[in-house]
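Reading the structure
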Amino acid sequence: MRCVESGRLLAACALSLCCTAAWPQACEQPDALKLRATVSADQVQRANAPRELFGFNVPWRDFQMGYLQGDGEVRSELIELLKPFKGALYRYPGGTPSNWFDWGEATRGPREKRIALHADYERYAKADFGPDEFARFVQAVDGRAILTLNLMGPYKKPLPPAGLKGPSRQFAEVVKSTPGFGCAGGKGCRVMALELGNELDWEPYKIGAAEYVERAEAARAEVNTVLPDAVWVAHGRSAPWGLKAEDTAAFNKELARTLAPRVQGFAIHPYYDGIDVPSAIGYVRNFGDTWKAMRPDAQVYVTEHARWPAEPPKGSKAKWQDNWYQASGLGGAISTADFMLALMPMTSVAAANWHALATQGPWQLVRRDAGSNKLFASPIYWGMRVLRDAYLDDVVKLDYQPTKAARYGGGYDQRLVAMRGADGRVSVLGINRAQQPMALDIDWAGAKRRAAGRAQLRFITAEDTSIDNDAAQPRKVEMQTQAASVAADRKRSSWCVPPRSVFSIVEP
């Protein structure tokens, strides 16, 4: 049994797992890993860490297919699942559907009078979940919104840049008149920022930097006549890991040179583990540096991120759907937590949106059982909850060395981040990719004396990273919580962290 030390005193620990009775003793076994970390709670690395890092991409059609009630409002079960992510950023109308989205009559007014419009991939639907419904949803979960402009025009009928004037003004009027919105930036506004299109350098548009700038400027200038305080986000090169580095650099530098004086943010969509998490973070950092070279206050918006399921080789009879568990199962949850932990200390990163809040496709934060019509959370959801429930105010200094038995392609098995709260609490958030449990010793440095009270360990784990929740077993992976009493003035805390886990520890 791992206990919490305080000088000569030992506080009794009651750490037991409902399904693994001998769990705490696992860290006493010879194969258990050992990791020692030092937390310096008085050395702040990032003050006021943004809650917007816990965000979600919201593709309107795929959202409404599973999450709306008969009256067109969002199901109360989903609202309750999302309330713990207070301050999360919700991106609408959700990536690819943004590029033809009609922000006017087709998505507002009485739902029975709305007409079907193209969402994505030749799929059409009536927008029951339009801007008004989305705004009420954001208010209900106490979140924020990032809205993506249509820079192309109607589906398969692209407008010239000058033709974007009318639709852009219409978009601005919708934002201004929508109850709960009314503005487009600033801390007091539900709308955090406006994003200029989605992956327009990619198929089927494939527009270059010059055309993107022309379209973005036409839309931005018109919107600013209605929303002069809008915060803007331009979209960097899509999937740069599959392109020549010099081509990506040239594209991004041209955008920064021409747009950065009027556009505060730069967006990127990193998908891992085709590339490992450190490589994905490298692209995020590079995109930020490009924009910062033109304006020091620039910030990066990770408006989509997720683990990408392995695609079968061309000519194979295997189906991509067979690998979708890699996106939302335990392995996806661990990689997503790894990526988010890496973002937390990065002061240049303003927000991040996991893809996606939907009930279609590989990425489903909360799923719907078609048979029973019940909702259930994915391991991704629970992994993010483990982190969010321990997410305090400031990121503080944490020194540690990952164990040497690394299996992950990134070259490590652990990533840890430490935080402190205004109320005096401290936390350690992390992942353990290893197949062995980990005895984690946390040394508390600094002048502040640690208080006595109740500490909590939260985690998700399973026998294998391929395990996913499904309709038959919707709770195979979910957050578990253990509590321990800790003594005052302790200098060290010791915990047993499960293998294959996302975990967090909060102490008084």
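Preceding block: the structure.
Please read all numbers here as calculations on a predicted model, not as lab measurements.

Definitions and limits used
Residues numbered from 1 in each chain as written. Predicted model: local features only at pLDDT ≥ 70, side-chain atom pairs only at ≥ 80, totals over all residues. Heavy atoms only, no water. Disulfide = S-S within 2.5 Å. Helix = DSSP H or I, 4+ residues; strand = E, 2+ residues; numbered from the N terminus. Buried < 20%, exposed > 50% of the residue type's maximum accessible area, 1.4 Å probe, protein only. Axes fitted to C-alpha atoms, helices over the stretch in contact; angles between N-to-C directions. Left-handed = near helix turned anticlockwise from the far one by under 90°. Contact = heavy atoms within 4.5 Å. Nonpolar A, V, L, I, M, F, W, Y, C, P; charged D, E, K, R; others polar. Core = buried A, V, L, I, M, F, W, Y, C linked by side-chain atoms within 4.5 Å. Phe/Tyr/Trp six-rings, centres within 6.5 Å; stacked < 30°, edge-to-face > 60°. Lys NZ or Arg CZ within 6 Å of the ring centre and 35° of its normal. Salt bridge = Lys/Arg side-chain N within 4 Å of Asp/Glu carboxyl O.

Quick notes on the state of the cysteines
- For the structure shown, the criterion picks out two disulfides.
- Across the disulfide, C27 is cross-linked to C496 (sulfur-sulfur distance 2.1 Å). The S-S bond linking C27 to C496 shows a torsion near 90 degrees; that makes this disulfide right-handed. Within this pair, whereas C27 is found in the loop between β3 (13–14) and β4 (33–46), its partner C496 is found in strand β24 (residues 492–497), the two being separated by 469 residues in sequence.
- With a relative accessible area of 1%, C27 lands in the buried category.
- What makes C496 buried here is its relative accessible area of 3%.
- Counting only the cysteines that take part in disulfides, in the order they occur along the protein chain, gives the pairing 1-4, 2-3.

Re the packing of helix α5 (residues 209–224) against helix α6 (residues 245–259)
- Where α5 meets α6, the closest approach of the two axes is 9 Å, and the angle between their N-to-C directions is 30 degrees. For the pair α5 and α6, the sense of crossing is right-handed. Across the interface between the two elements, A209, Y212, V213, A216 and E217 from α5 touch F251, E254, L255, T258 and L259 from α6.
- Of the residues in the contact of α5 with α6, the class split is seven nonpolar, one polar and two charged.

Points about the nonpolar core
- Among the nonpolar cores identified, the biggest contains 127 residues, and Y90, F134, F137, L147 and L357 are the most heavily contacted of them.
- Sorting elements by how many residues they give to this core places helix α9 (residues 330–343) first, with nine residues.
- Counting residues in each nonpolar core, the second largest holds 25 residues, with A41, A455, A484 and F503 among its members.

With respect to the side chain of T303
- Positionally, T303 belongs in strand β14 (residues 299–307).
- Assessed through its relative accessible area of 1%, T303 is described here as buried.
- With residues up to four places along the chain from it excluded, the contact list for T303 reads N57, R91, I146, E195, H235, A267, I268, H269 and N353.

Description of unusual backbone geometry
- In the segment running from Y92 into P93, the intervening peptide bond is cis, with an omega of 5 degrees.
- Looking at where P93 falls in the secondary structure, it is placed in the loop between β6 (89–92) and β7 (116–120).
- Here Y272 and D273 are connected by a cis peptide whose omega angle stands at 10 degrees.
- For D273, the location among the structural elements is in the loop between β13 (271–272) and α7 (277–292).
- Phi at A239 is positive, roughly 45 degrees, even though this residue is not glycine.
- Checked against the element boundaries, A239 lands in the loop between β11 (232–235) and α6.

Structural notes on the packing of aromatic side chains
- All told, the structure shown has 35 aromatic pairs when counted by the stated rule.
- Centroid distance W241 to Y283: 5.6 Å. Interplanar angle 70 degrees. Geometry classified as edge-to-face. Residue W241 is found in the loop between β11 and α6, and its partner Y283 is found in helix α7; the two are separated by 42 residues along the sequence.
- With a relative accessible area of 25%, Y283 lands in the partly exposed category.
- Taking 4.2 Å as the distance between ring centres and 15 degrees as the angle between the ring planes, the aromatic pair formed by F266 and W291 counts as stacked. In this pair, F266 is assigned in strand β12 (residues 265–267) and W291 in helix α7, connecting sequence segments 25 residues apart. A single burial state applies to F266 and to W291, both of which are buried.
- Between the NZ or CZ atom of R433 and the centre of the ring of Y408, over which it lies, the distance is 3.5 Å.

Some points on the pattern of salt bridges
- Overall, the coordinates contain 42 salt bridges when judged by the stated rule.
- Here E222 and R169 are joined by a salt bridge, their closest N and O atoms 2.8 Å apart. Separated by 53 residues along the polypeptide, E222 in helix α5 and R169 in helix α4 (residues 165–177) bring together distant segments of the chain.
- E222 gets classed as buried once you look at its relative accessible area, which sits at 10%.
- R169 sits in the partly exposed class, given a relative accessible area of 35%.

No statement about biological role is implied by the geometric values presented.
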